[in-house]
Amino acid sequence: MMPHPPYFFGYGSLVNTATHDYLDPQPARLRGWRRSWCHTPLRDVAFLTVEPAPQVEIDGLIAAVPNADWQALDAREFAYDRLPADHQVRHALPDHTEISFYAVPTEAQNQGSHRHPILLSYLDVVVQGHLQVFGTAGVDAFFASTAGWDAPILNDRQQPRYPRHQVLSATEQQLVDHHLTQLNAQVLS
């Protein structure tokens, strides 16, 4: 019998399966953490991370890492540490499945700023993935359970800077824009 491969838990762009080709993607929940926007000196812009939050659970996606070959995923998530999460993730796999997630080390987290904004093209990918997996209620939960919305958002839709950007439908764009309006987010042109 072949050993069960390890899985990752994604809570941001990894929820959008158009950004990767990892096998067996399925919804899951991470306990004890919440999403937040942060900037790290290793990247030019703000990205999602997670921070400890004992009473919080967030939706995400797990997927298999064939042959435990983490190299490509570690390279994609180079500004993050890979952390074990076997007993923090609720999922439908056998209990002994190894699951890891990525988080920016606390000491490397900085506030997003005009110099280090959130890319709208990145946010679009995250919201599109949550919409596809969890529906509009999942998008609502994403915005409600994520901290750091005071960081400015750079509207780069016309010339996306995020390397795994996706084309959004008009309805998907309107959904993102609606939530940003509700948050009184500062969107930079």
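Only a predicted model underlies this, so the values are computations on that prediction, with no experimental measurement involved.

Asks: What is the right way to look at the packing of aromatic side chains in this model?
Replies: Two descriptors summarise a pair of aromatic rings, namely the distance from one centre to the other and the angle between the planes of the rings. Counted according to the given criterion, the structure contains 10 aromatic pairs. Relative to Tyr22, the ring of Phe8 has its centre 5.3 Å away and its plane inclined at 85 degrees; by these criteria the two rings are edge-to-face. Taken together, the residues Phe8 in strand β1 (residues 7–10) and Tyr22 in the loop between β1 and β2 (23–38) connect sequence positions 14 residues apart. Take Phe8 and Tyr22: they sit in the same class, and that class is buried. Taken together, a centroid distance of 5.2 Å and an interplanar angle of 80 degrees make the contact between Phe142 and Phe143 edge-to-face. For the pair Phe142 and Phe143, one class covers both residues: buried.

Asks: It is not clear to me how helix α3 (residues 170–182) should be interpreted in this structure. Could you clarify?
Replies: The periodicity of an α-helix, 3.6 residues per turn, causes residues three or four places apart in sequence to face the same way. Over its 13 residues, α3 extends 18 Å from the first C-alpha to the last, a length consistent with the 18 Å expected when each residue adds 1.5 Å. Those residues of α3 not exposed but buried are Glu172, Leu175, Val176, His179 and Leu180. Taken around the axis of α3, the buried residues stretch over an arc of 130 degrees, which confines them to a single face. Across from the buried face of α3, at angles greater than 90 degrees, the exposed residues are Ala170, Thr171, Gln174, Thr181 and Gln182. Of the surrounding secondary structure, the elements contacted by the buried residues of α3 are α2 (120–144), β9 (153–154) and β10 (187–188).

Asks: Teacher, can you tell me more about the pairing of strand β3 (residues 47–64) here?
Replies: Working note: regular strand, side chains alternate between the two faces of the sheet. Among the 18 residues in β3, 13 count as buried, and that is most of the element. Pairing of β1 with β3 involves four bridges; the strand directions are antiparallel. Opposite Tyr7, over in β3, you have Ala64 as the bridge partner. In this sheet, β3 lies alongside β2 in antiparallel orientation, the contact comprising 13 bridges. Bridge assignment links Pro27 to a residue of β3, and that residue is Leu61.

Asks: Which parts of the structure should I look at to understand the nonpolar core?
Replies: Nonpolar side chains tend toward joint burial in soluble globular proteins. If you look at the biggest cluster of nonpolar residues, it comprises 55 residues, and the most contacted ones within it are Phe9, Tyr122, Leu123, Phe142 and Leu180. At the level of secondary structure, the elements contributing two or more residues to this core comprise β1, β2, β3, β6 (99–103), β7 (118–119), α2, β9 and α3. With nine residues, the top contributor of residues to this core is α2. If sequence neighbours within four positions are ignored, Tyr122 has contacts with Ser13, Trp37, Phe47, Leu48, Tyr80 and Tyr162.

Analysis parameters
- Residues numbered from 1 in each chain as written.
- Predicted model: local features only at pLDDT ≥ 70, side-chain atom pairs only at ≥ 80, totals over all residues.
- Heavy atoms only, no water.
- Phe/Tyr/Trp six-rings, centres within 6.5 Å; stacked < 30°, edge-to-face > 60°.
- Helix = DSSP H or I, 4+ residues; strand = E, 2+ residues; numbered from the N terminus.
- Buried < 20%, exposed > 50% of the residue type's maximum accessible area, 1.4 Å probe, protein only.
- Expected span 1.5 Å × (residues − 1).
- Arc of directions from axis to C-beta.
- Contact = heavy atoms within 4.5 Å.
- Pairing = 2+ DSSP bridges.
- Core = buried A, V, L, I, M, F, W, Y, C linked by side-chain atoms within 4.5 Å.

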